[in-house]
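# Residue-level structure breakdown
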Amino acid sequence: MAIYDNLEVFKATYDLLLFVFQFTPNVKRDYRYTLAEKVKDNIIELCLCIYRANAAKDRVPDIRQARERLVTVKLMCRMLTDLKQISVRQFAVVCTHTESISKQLQAWQKYSERQRSDSGSAAAGTRSRSSKATSAALASVVPPAATD
């Protein structure tokens, strides 16, 4: 398990959080304490999802939740753009960050799902081999049923 703050996906998410904190003071008060706060809260929760996924044995649920948070962040930032609270250039930077994070999370999720299915099939393969061996051992011990 890597240290979570050394993960590239965590670094990219943290950079997005810093960027959002830089533009929120310029957002009107009506939106700053509602929409902009929710954006920051969701990015912080995204960081926590990445931390939990890194520490968990089954990472997929936390990665899925992180991807959902990321979509929420992008949607809210788009609303801020449409409401003329952030510039199109700032929204483009947010989109660049979210795309990078999304690609990393998607790759991590695919890797984790593949790892989960490989470990599951390996365990199932071991069970099927042992059950075949048990069946063969029983067949050699138990005589076949007599037919009349």
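Preceding this section is the structure that the text describes.
As a starting point, this report considers the structure included with it. (Residues numbered from 1 in each chain as written. Predicted model: local features only at pLDDT ≥ 70, side-chain atom pairs only at ≥ 80, totals over all residues. Heavy atoms only, no water.)

### Focus: the packing of aromatic side chains
Tallied over the entire structure, the rule returns 3 aromatic pairs. For the pair Tyr 4 and Phe 10, a centre-to-centre distance of 5.0 Å together with 85° between the ring planes defines the contact as edge-to-face. For Tyr 4, a relative accessible area of 32% gives the class partly exposed. When the ring of Phe 19 is compared with that of Phe 23, the centres are 5.6 Å apart and the planes differ by 70°; the resulting orientation is edge-to-face. Of this pair, Phe 19 and Phe 23 are both found in helix H1 (residues 8-23), 4 residues apart, which corresponds to roughly one turn of the helix. The exposure classification of Phe 19 matches that of Phe 23, with both residues buried. An aromatic cluster of three or more residues is present, and its members are Tyr 4, Phe 10 and Tyr 51. (Phe/Tyr/Trp six-rings, centres within 6.5 Å; stacked < 30°, edge-to-face > 60°. Buried < 20%, exposed > 50% of the residue type's maximum accessible area, 1.4 Å probe, protein only. Helix = DSSP H or I, 4+ residues; strand = E, 2+ residues; numbered from the N terminus.)

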